[in-house]
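The residues making up each chain are set out below.
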Amino acid sequence: MSTSDREPRPFPEVSRLIGEQGAARYLAAYPDPVLILEPFRAPGTALDQIDASTFGQTTTDVIITPELFSNPAVSAAMVHPEAMVAWVSKTGRNPFPGMVTVGRAGNNDVILPHGSISKIHAIFHRHGVSWLIEDRGSTNGTYLDGVRLPAQERRVLNDGSRLRFGEGSTARFFEAESFADFCELIAD
């Protein structure tokens, strides 16, 4: 992985590389937070079902607890096998300073090519040591931990925050350090 490579990559590939190279080397090249993006869901699919049968299907359906991280096999099963890693970082595609944009249009930093996603759907902002998310008045909404965000209001993201963009794009937000630690854990 190179420092200029910020396009989404398959989670298994990124996780394997972190396991092989180590967290310190990864963090030197990739200090930005990530979104673990799941494959798009069909409208009407339950997003908050918490059930043992969901292991191995999706990260957003599982409450992440320290106990789950104590078992690498269970932790690895929490991530959908087709999940992608997208870095929350400027790519140069959007002209807005201080913002990382998410949307359907090709000039966003994180591109989500789905009909339920607005052209510029949401924005990530850095505020001190925290990251904030803001819905930009999208048609189908941005959800943080199951709650629809009011348009133009910024909300603080926590490590592991569940996000939903539109009707079918679900993700988890992770700071770079915890993401690297998680990948090292499941590589063991």
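Quick note: structure is the one above.
For clarity, every value in this text was computed on a predicted model and none was experimentally measured. (Residues numbered from 1 in each chain as written. Predicted model: local features only at pLDDT ≥ 70, side-chain atom pairs only at ≥ 80, totals over all residues. Heavy atoms only, no water.)

(A) Just the overall build of the chain, in detail. Each helix and strand counted, the chain has five helices and 12 strands in total. Residue burial in the chain is summarised as follows: out of 188 residues, 46% are buried. Looking at the chain alone, contacts between residues at least 24 apart form 50% of all its contacts between residues at least 6 apart. Split by element, the accessible area of the chain, about 8,700 Å² in all, is 54% carbon and sulfur. (Helix = DSSP H or I, 4+ residues; strand = E, 2+ residues; numbered from the N terminus. Buried < 20%, exposed > 50% of the residue type's maximum accessible area, 1.4 Å probe, protein only. Contact = heavy atoms within 4.5 Å. Areas by Shrake-Rupley, 256 points an atom, 1.4 Å probe, with all protein chains shown as cover.)

(B) Representation of helix H1 (residues 11-21) in the model. Regarding H1, the residues found buried are Phe11, Val14, Ser15, Leu17 and Ile18. Along the axis of H1, the buried positions cluster into a sector of 160 degrees, meaning they face one direction only. One or two positions beyond H1, positive phi appears at Gly22, with a value near 95 degrees. (Arc of directions from axis to C-beta.)

(C) Quick peek at the sheet that holds strand S8 (residues 142-144). Here we have seven strands laid out as an open sheet, ordered S1-S3-S2-S12-S11-S8-S9, and antiparallel in their pairing. Both outer strands of the open sheet, strand S1 (9-10) and strand S9 (147-148), are each paired with one neighbouring strand and no more. Looking at chain direction, strand S2 (residues 34-37) and strand S3 (residues 84-87) are connected through four bridges and run antiparallel. Within S3, the position partnered with Leu35 by the bridge is Ala86. Those strands touched by helix H5 (residues 176-187) are S2, S3 and strand S12 (169-174), and its axis lies near 100 degrees from that of S12. (Pairing = 2+ DSSP bridges. Axes fitted to C-alpha atoms, helices over the stretch in contact; angles between N-to-C directions.)

(D) View of the packing of H1 against H5. Axis separation between H1 and H5 bottoms out at 8 Å; the angle between their running directions is 85 degrees. Considering their axes alone, H1 and H5 lie roughly perpendicular with respect to each other. Across the interface between the two elements, Phe11, Val14, Ser15, Ile18 and Gly19 from H1 touch Phe179, Ala180, Phe182, Cys183, Glu184, Ile186 and Ala187 from H5. In terms of residue class, the contact of H1 with H5 is built from nine nonpolar, two polar and one charged. (Parallel < 35°, antiparallel > 145°, perpendicular 65-115°, else oblique. Nonpolar A, V, L, I, M, F, W, Y, C, P; charged D, E, K, R; others polar.)

(E) Main features of the side chain of Arg172. With respect to the secondary-structure elements, Arg172 resides in strand S12. Buried charge without a salt bridge: Arg172, with Asp145 as the nearest opposite-charge side chain at an N-O distance of 5.4 Å. A polar atom in the side chain of Arg172 sits 2.5 Å from the backbone oxygen of Gly160. (Lys, Arg positive; Asp, Glu negative; His and termini not counted. Salt bridge = Lys/Arg side-chain N within 4 Å of Asp/Glu carboxyl O. Polar contact = N/O pair within 3.5 Å; in protein donor to acceptor, adjacent residues only side chain to side chain.)

(F) View of the sheet that holds strand S10 (residues 154-156). Strand order in the open sheet made by the five strands is S5-S4-S6-S7-S10, with mixed pairing throughout. The open sheet terminates on both sides in strands that have one partner only, identified here as strand S5 (110-111) and S10. Across four bridges, the pairing between strand S4 (residues 99-103) and strand S6 (residues 122-127) is antiparallel. Counterpart to Thr101 in the pairing with S6 is Ile123.

(G) Focus on the environment of Ala122. With respect to the helices and strands, Ala122 occurs in strand S6. Residues Ala122 and Asp135 lie 13 residues apart in sequence; the distance between their C-alpha atoms is 4.4 Å. If near-sequence neighbours (up to four positions away) are discounted, Ala122 is found in contact with Val100, Thr101, Val102, Ile133, Glu134, Asp135, Arg136, Thr142 and Phe165.

(H) Region of the structure containing unusual backbone geometry. Unlike most non-glycine residues, Asp145 shows phi in positive territory, near 50 degrees. Tracing the backbone shows Asp145 in the loop between S8 and S9. Given a relative accessible area of 35%, Asp145 falls into the partly exposed group. Positive phi, normally seen in glycine, also occurs at Gln152, with a value near 70 degrees. Looking at the secondary structure, you find Gln152 in the loop between S9 and S10. On the basis of relative accessible area, Gln152 is assigned to the partly exposed category, the value being 44%.

(I) Local environment of the pattern of salt bridges. Counted under the stated rule, the structure contains seven salt bridges. Where Glu7 meets Arg93, a salt bridge forms, and the shortest distance between an N and an O atom there is 2.6 Å. In this pair, Glu7 is assigned in the segment before S1 and Arg93 in the loop between S3 and S4, connecting sequence segments 86 residues apart. Across the pair Arg16 and Glu20 runs a salt bridge whose closest N-O atoms are separated by 3.6 Å. One end of the pair, Arg16, and the other, Glu20, are both in helix H1, four residues apart, so they sit about a helical turn from each other. Here Arg16 falls in the partly exposed class, since its relative accessible area comes to 45%. The class of Glu20 is exposed, set by a relative accessible area of 56%. Within this structure, Glu134, Arg136 and Arg154 form a network of salt bridges that share partners.

Function cannot be read off these values alone, since they describe shape.
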